[in-house]
Structure formats: structure tokens, C-alpha cells
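# Working through the structure, step by step
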Amino acid sequence: MSKEKNSILDYFETRFGISRNHFREFEFYLASKGRVFLGPKKIPAIGEPVSVGILIARMDNNIKPTTNLLQLFGKYADKNIVSLTEQQTKQYAHGDDIKLSPEQTEKTERGYVILSYCNVLLGCGLLRESLIKNMLPKAKRSELKFM
Amino acid sequence: MRILDAFKERYSQIVDDEPAFFDCLMQPLPKSFRVNTLKSNIDNVKKRFAGYGINLTQMPWYDEAFISDNLEVGSTLEHFHGDIYLQELVSMIPAITIKEELSNARLVLDACAAPGSKTTQMAAIMNNKGTIVANDLSYARIRALRFNLEKTGTINTVITNYDIRRMSKNQFEVILLDVPCSAEGTFRKNSELSKIWTMKQILSNSHLQKQLITKAFDLLAPGGTLVYSTCTFAPEENEEVVNHLLENRDAKIEKIEIPDIHMSWGIEEWNTKQFDPQLKKTVRIWPHHNNTGGFYIAKVTK
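Let us look at the structure shown here. Predicted model only: the values in this text are computed from it and were never measured. (Residues numbered from 1 in each chain as written. Chains lettered and ligands numbered in written order. Predicted model: local features only at pLDDT ≥ 70, side-chain atom pairs only at ≥ 80, totals over all residues. Heavy atoms only, no water.)

Attention now moves to the sheet that holds strand 3 (residues 65-68) of chain B. Residues and elements named next belong to chain B. The strand order 2-3-1-4 describes an open sheet built from 4 strands, whose pairing is antiparallel. For this open sheet the edge positions go to strand 2 (56-58) and strand 4 (84-86), each flanked by a neighbour on one side alone. Sheet twist, expressed as the average angle between the axes of neighbouring strands with direction ignored, equals 35 degrees. As paired strands, strand 1 (residues 31-35) and strand 3 are joined by 4 bridges and run antiparallel to one another. Directly across from Lys31, in strand 3, lies its bridge partner Ser68. Across the sheet, helix 7 (residues 117-125) lies against strand 1 and strand 4, angled at about 35 degrees from strand 1, the strand it touches most. (Pairing = 2+ DSSP bridges. Helix = DSSP H or I, 4+ residues; strand = E, 2+ residues; numbered from the N terminus. Axes fitted to C-alpha atoms, helices over the stretch in contact; angles between N-to-C directions. Contact = heavy atoms within 4.5 Å.)

Here you go:
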């Protein structure tokens, strides 16, 4: 796992500026299909667990961070953050892709970005040109009425 | 909802105010939630809801607990983001009784964890430190457990899918055993349950619960704390189960005291059966006392 762990920590640092120090209290666990979980450092001897901690990334050819990760650790990021408008936030929560204005993308690079609204870190999106591909899992989608 | 005569007859014997109790069971529950301190804080949530014009009432017995007269709390950004967790008020109480033990615990077991309301609450109290083994016998329910752990940012957990009666020897410092039960205390939330209520089910639950509490106690480290809870009124599933443990293991009951909430002490006898006097230190939460569901909680030490 240490090779994968280092790749992920390097990615978080390079892509978002999230220091590896913020993960010191936890451990990384590699599961099937390239899924990476962040969980407690110590696991008791209890046989085979169903899962450990929360899913934070998927690794295949690239690293894909999850909304779980960015909602929790995005507060330590200093780059590749896109601020959404109220309407765009509703679209995001609904699961739709989002068209961005040129101003919204001027400080970001293509690839995975942190979406935020009024300092609330919403989660992960994939930035392609001026379009955010919605990465929100179906089960987490919602109709926002108060925001 | 129709309350069966047999149900009325049973609980008339032990409830303090029959009309208030039976009347309360017919009323819907207030919408309640808990602030998830792993992702937000109480002041921030209060401020945001005030901005929405949603009235909140903070519970005097638990700062993180709120009720609202607005039924659309689930459509807020805070719910979407996992800053709040919709949870029945009484279901927050078992974890409150072990706040101090949890704050220093390194290894905790939530024996019947799904869908994770109490696991996520315990993780918040532990500030994601230590390790919680979140176990559930039902694999189907583990999906909901995982969803809630992820939504609330609960990192310090290991999910397992065991019958705890067959769990290998371990030494947990804290165990929460919130057992499957007849759920009479949730009739206000799910009135359908009142239609399938039977004594046979209560007795069958009691049999299983006695096995579970004995095994859970055996999994506890010396000096550890076990909280046994149900959301039912049936003494066969409450005092009788804890009494069974006291008869078979060297367990001690610790008195539960939470300021500013109305709780009644456990009963000392039922159907001519006398219980251990220690059972008076356990608590019953009746719906009409705090406008909640019903619960029973015992705090056991080894």
C-alpha cells in the first residue's frame, strides 16, 4: 500500500495543495477495483471486515478523489477550487453537469476540482474546458430548497 | 393508529399517566436532528437556519440536538452536506450516557450498528479518534450504514457483518448494544408496527436479547462499559434482559443521570417476577414526558 499511499498523498498535495500532514492520524487501505479507503490506524483482530473507514479515492490509470474526501479535507486546499453560484449549486446537488463562466475557471486546471458554495465544500467535479462533469453519486443527490 | 387492548392493559400497569401516554402515541413525532460536529458546529448551524427563517429549538439536555416545526429540514444545504443528521431525539441518549468513556476510548463496539445513527454520534464524540467496530448482522442494512458513515465523514470505523454471538474474543472498552426489539417506542414514527405487535414477538426478542447481552458483556474489557438499549416498553426486552445478565455474570449497573430530561427509573418487578434492585438505576424514557419516542437504557460495567 505504501506505493499507492504515496501516489495519492502526492496527488492531493500537487493537485489541491492539501498537505500529507493532515492524514497522519489515519491509515490508507487498498480494496478491490482500485478503491482506497481512509480509516483508523488500528484495526482489532476481528476477521475480515466489510470495509474500513470511508472511500477517498479510486486508482486506475489516474487518481480520482471522492466527494467524501474533498468535503472533509478540502478546507486545507488552496488551489483548483471552483466557487459555484446558488443556481449552479442546486444543479450540482441535483446531479446535473454545470456550465461555468470564464471567470470561474481562470485559476483552475482541467481535471478534478473542489466545488464550493459560500465556503461550504460541496464535493468533487471533473472540469473539462468550461463544463463541470458532475461526480456526485446518485444516492447523495438532493433537491435543495434552503441554501 | 389503533392501540391494541392487550398493549394498553400491559402498560397501564407501569406508566404514570395512562391517558397522556396513549394519547401521545397517536401524535406524530417532531422533526429532530443532531449537529454533526465532525463537519460543522452548533453555532454555524443555528446561524444558517436562522438565515433560512427555519425555527429551531435546542434541547437543554444535549446541545447538539434540535427540533424544528419545518418538515423540510432534509432539503437544506446542511443536510445535503452532512452537517446535520436527522435522528430521533431519544435515539441520541444512549451515546450521551457514555460521553466520558467514549472521549478516551481506543476500541469501541457498536454491536447492532445499522443504519449508523449512534455510530456516527459516537464517532463525533470521539472526534474521529480511536476505532469503532460498527457491526451489523444484516448485510442488507450495511449499505445504509456505509452511506451514513461516509456522509457524516466518520473515518474511525471498521464495518463488520457478524452475528456477535460468534464474534471472536476481543476486549472492547465500550460497547453499545442497541438490540433489535419490538420497537413499541417508534409507533409514533411508524404506526404500521403497532398492527403487527404480538406477545410472541416480544418473547422471541427477549430470548435473543439475553444471548446478545451475555456475549456483549464477555467481549468487554475489565473496567469497560456496556450500554444496553431498546426502543421498546416491554419489560421482557428491558429489565428482564439486564436482570438475566446480572444473574449470570458479575456485572454492575451504573446509575444514568442526564440533567434536564425527564426519565423514569427501571421497574423492580413484572408479572410477579422480582428483578435485581440494581435495575432501579436503569432508565425508561416515556414518549409523553419529553414529546419523543420511547427508549430503555441500562449502563453496565465490568
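Tracing the chain through its elements places A:Ser142 in the segment after strand 10 (131-134). Contacts of A:Ser142, omitting those with residues within four sequence positions, involve A:Ala93, A:His94, B:Gly74 and B:Phe80.

What follows concerns the layout of surface pockets. Residue and element names in this part refer to chain B. Quantified by volume, the largest pocket comes out at close to 1,100 Å³. In terms of lining residues, the largest pocket is bounded by 47 residues, among which Ala114, Pro115, Lys118, Arg141 and Asp178 are the most central. Listing elements by their share of the lining of the largest pocket, those giving two or more residues are strand 1, strand 4, helix 7 and helix 10 (199-218). Across the lining of the largest pocket, the residue classes break down as 24 nonpolar, 12 polar and 11 charged. Here the second largest pocket is characterised by a volume of approximately 780 Å³. (1 Å grid on protein atoms, 1.4 Å probe; cavity = no way out; pocket = protein on both sides within 12 Å on 5 of 7 lines; lining within 4 Å. Points joined across faces, edges and corners; volume = space filled by probe spheres on them. Nonpolar A, V, L, I, M, F, W, Y, C, P; charged D, E, K, R; others polar.)

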